[in-house]
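# Breakdown of the fold
Chain by chain, the residues run as shown.
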Amino acid sequence: MSTAGRVESNGSPGVNEMFQTILTMMQKSQQDVEELKRECAELKASNASLEHQLRDGLYHGNGSRTPGFMTPAVPPSPQLRSRTPFLSPTIPALVPALPSVHVHHHPSPLGDNVLSSYHHKCRDIPGFYVVIPAGGAGTRLWPLSRENHPKFLLDLTLKGRSLIQATWDRLLPLSSPARTTIVAGPSHVKAIREQLPDIDPDNIFCEPGPKDSMAAIGLAAAVLAERDPDAIIGSFAADHMISGDEAFLSAVAEAVEVAKKGLLVTIGIAPSYPSTGFGYIRLGDKLGDDETPNARMVDSFKEKPDARTAAGYLATGKYRWNAGMFVTKASVLLELLKEYKPEMAEGLKKIGKAWNNPQEREKVLAEVWPKLEKIPIDNAVAEPAAAEKKVAVVPATFGWDDVGDFSSLADLLPAEQNQPRILGDSSLVLTEQVYGGIVVPGSGRLISCLGVDDLVIVDMPDTLLVTTRARSQEVKRVVKKARDAGWANLL
């Protein structure tokens, strides 16, 4: 009779030995899995580092390919004046300001896609309505940006105007206060009215809750279509930064002309580095119209790529950044929505018809809004419409940045060569052998850094954030953890 652990008479191993072999194999498999996880994490960090190096090295060193929003290094100035990005008197003045720096943009035409000069006859465009979606909490800029005081209400350029005020200033020449509208949540309406006293109160469309860009822009389209059936609308985010206003206004005016042909039109930004944080637009054939010499059909929209794919996009010369700017007839947008998202189109039209009656409006909003799908305009209509050749793009060369994270914000601030950017009082920041990064000394405490590179340090009175520029797009993960841990009051 055989005994466990011994070799049986037929030469087979005993039961214990078999179990030991299986256990060893399982342990090795677990080690392999852990090693694979580690390699994936390293690859992710390497990918982010590659993008950052390409951005700060290869492209910053070539004058002909300067990003539209790169601020050239400037020497330290003794004329720094204390200011704050918080314009509202109810927000404590935490962050002193830096002097204004003029941002130079050097157009970077790609391949054979050189742009022609588009001359619009006058500034004001009759029948053109501006829509400014003012939503989102700017979680990647937390704790500087908060839910009740998001980044579009902040003066991140430290020039005395918030991002939404700068957007208003930029677009006003093409419309007027009477034809400039804002879509915002209830908690932001009061601050927006304070910052934009010239806006018509009836032109602030208050959405009951966040439903992403399709619902916000669709709401404005539905209301404006009732007011003016021939309205052409242009949607421009409240929290983006643009340099080169003349090029911007020219691109928008050309987009309006294309929209008159019944197309959905977007504006494509010439990419200045292989960003993994933006979506891309692949250029199609030219429209071949003398009135709109730069316009092309959109071949397709591309989601945010990895660094290698983004570099490949730039090499072809056929891609533009997708800045989320759309120009079209309000009626055309609603028809596209009816085709691709019929329930959403029906709900928004119902809201639009009831909007001018406050009591009816509240009743319909309470009934319809919670049922609306939460989806970006790109996924809802732009991508399927592009597949059916219903979307055009006007390539543009103005500088653009969505200030989507602290790494982007750092690029907007001046600094001594190889030194960290400082958003605030530089006397509160001491560094020794520190390269790059951004420091926000918002608490009044002294911040000392020794031998650390490319850090993001945001020191507010109630919260401290420390990360790296390479991982600054992941700040929203920390925000989610803080919420789950019961710190919603700090968000």
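Residues numbered from 1 in each chain as written. Predicted model: local features only at pLDDT ≥ 70, side-chain atom pairs only at ≥ 80, totals over all residues. Heavy atoms only, no water.

A few words on the overall build of the protein chain. When helices and strands are counted, the protein chain shows twelve helices and 17 strands. In the protein chain, the proportion of contacts linking residues at least 24 apart, taken out of those at least 6 apart, comes to 69%. (Helix = DSSP H or I, 4+ residues; strand = E, 2+ residues; numbered from the N terminus. Contact = heavy atoms within 4.5 Å.)

Applying the stated criterion to the full structure yields nine aromatic pairs. Among the aromatic residues, ring-to-ring pairing joins Tyr273, Phe278, Trp321 and Trp400 into one connected group. Lying over the aromatic face of Trp355, Arg361 brings its terminal NZ or CZ to 4.5 Å of the ring centre. (Phe/Tyr/Trp six-rings, centres within 6.5 Å; stacked < 30°, edge-to-face > 60°. Lys NZ or Arg CZ within 6 Å of the ring centre and 35° of its normal.)

Turning our attention to the nonpolar core. Looking at soluble globular proteins, one finds that nonpolar side chains tend to be buried together. Within the largest apolar cluster, 54 residues are counted, with the highest numbers of intra-cluster contacts made by Phe128, Ile192, Phe236, Ile267 and Phe398. With nine residues, the single largest contributor to this core is helix 5 (residues 245–259). The next biggest cluster of nonpolar side chains, apart from the first, holds 50 residues, and it includes Leu219, Ala222, Met344 and Ala345. (Core = buried A, V, L, I, M, F, W, Y, C linked by side-chain atoms within 4.5 Å. Buried < 20%, exposed > 50% of the residue type's maximum accessible area, 1.4 Å probe, protein only.)

The next point concerns the confidence of the model for the protein chain. Taken as a whole, the protein chain shows an average pLDDT of 83; of its residues, 79% reach a score of 70 or greater. Ranking the elements of the protein chain by mean pLDDT puts helix 1 (residues 15–58) last, at 65, and strand 4 (residues 232–235) first, at 98. Per-residue pLDDT stays below 50 along residues 1–9; that stretch engages in nine contacts with residues further than four places along the chain or on separate chains. Counting interchain partners and residues more than four positions distant, the pLDDT-below-50 stretch residues 89–114 has 73 contacts. (pLDDT = per-residue confidence, 0-100.)

Turning our eyes to something else, we now look at the pairing of strand 1 (residues 128–134). Among the seven residues that make up strand 1, seven are buried, leaving the element largely enclosed by the rest of the structure. Burial along strand 1 is two-sided: Phe128, Val130, Ile132 and Ala134 and Tyr129, Val131 and Pro133, pointing in opposite directions, are all buried. Here strand 1 pairs with strand 4 via four bridges, running parallel. Directly across from Val131, in strand 4, lies its bridge partner Ser235. Following the backbone out of strand 1, through helix 2 (residues 163–171) and into the adjacent parallel strand 2 (residues 180–184), one traces a crossover that is right-handed. (Pairing = 2+ DSSP bridges. Right-handed = clockwise from strand over helix to strand, strands pointing away.)

Relative to the helices and strands, Thr309 is located in helix 6 (residues 307–316). Separated by 34 residues in the primary sequence, Thr309 and Ser275 place their C-alpha atoms 9.6 Å from one another.

This paragraph deals with the pairing of strand 4. Where burial is concerned, the two faces of strand 4 agree: the one with Ile232 and Gly234 and the one with Ile233 and Ser235 are both buried. Examined bridge by bridge, strand 4 and strand 9 (residues 319–329) share four bridges and lie antiparallel to one another. Residue pairing for strand 9: Gly234 is matched across the bridge by Val327.

Take the sheet that holds strand 14 (residues 438–441) next. Pairing is mixed in the open sheet, where four strands are placed in the order 12-14-16-17. At either margin of the open sheet sits one strand with a lone partner, and together these are strand 12 (421–422) and strand 17 (464–468). Judged from the two bridges that link them, strand 12 and strand 14 form a sheet pairing that is parallel. Its bridge partner lying in strand 14, Ile422 is registered against Val439.

Along the chain, the position of Thr181 falls in strand 2. Filtering out sequence-adjacent residues up to four positions away, Thr181 remains in contact with Val130, Val131, Ile132, Asn203, Phe205 and Leu224.

Where helix 8 (residues 342–354) meets helix 9 (residues 358–368), the axes come as close as 8 Å, and the angle between the chain directions of the two elements is 165°. Here helix 8 is positioned roughly antiparallel relative to helix 9, judged by the angle of their axes. Helix 9 is crossed by helix 8, and the crossing has left-handed handedness. Facing helix 8, whose interface residues are Gly347, Lys350, Ile351 and Ala354, helix 9 presents Glu360, Arg361, Val364, Leu365, Glu367 and Val368. Of the residues belonging to the contact of helix 8 with helix 9, the class tally is five nonpolar, one polar and four charged. (Axes fitted to C-alpha atoms, helices over the stretch in contact; angles between N-to-C directions. Parallel < 35°, antiparallel > 145°, perpendicular 65-115°, else oblique. Left-handed = near helix turned anticlockwise from the far one by under 90°. Nonpolar A, V, L, I, M, F, W, Y, C, P; charged D, E, K, R; others polar.)

This part is about the packing of helix 4 (residues 212–227) against helix 8. The contact between helix 4 and helix 8 brings their axes to 8 Å, and the two run at 45°. Our classification of the angle between helix 4 and helix 8 gives oblique. Pair helix 4 / helix 8 crosses with right-handed handedness. Taking contact as the criterion, the partners of Met214, Ala215, Gly218, Leu219, Ala222, Val223 and Glu226 in helix 4 are, on helix 8, Met344, Leu348, Lys349, Ile351, Gly352 and Lys353. Taken together, the residues of the contact of helix 4 with helix 8 break down into eight nonpolar, two polar and three charged.

This part covers the pattern of salt bridges. The tally for this structure, following the rule as stated, stands at 21 salt bridges. Between Arg179 and Asp124 there is a salt bridge; the shortest N-O distance is 3.0 Å. With Arg179 in the loop between helix 2 and strand 2 and Asp124 in the loop between helix 1 and strand 1, this pair connects stretches of sequence that are 55 residues apart. Classification of Asp124 by relative accessible area gives partly exposed; the value is 30%. Residue Lys390 is joined to Glu339 by a salt bridge in which the shortest nitrogen-to-oxygen separation is 2.9 Å. Residue Lys390 is located in the loop between helix 10 (377–387) and strand 10 (391–396), and its partner Glu339 is located in helix 7 (residues 330–340); the two are separated by 51 residues in the primary sequence. (Salt bridge = Lys/Arg side-chain N within 4 Å of Asp/Glu carboxyl O.)

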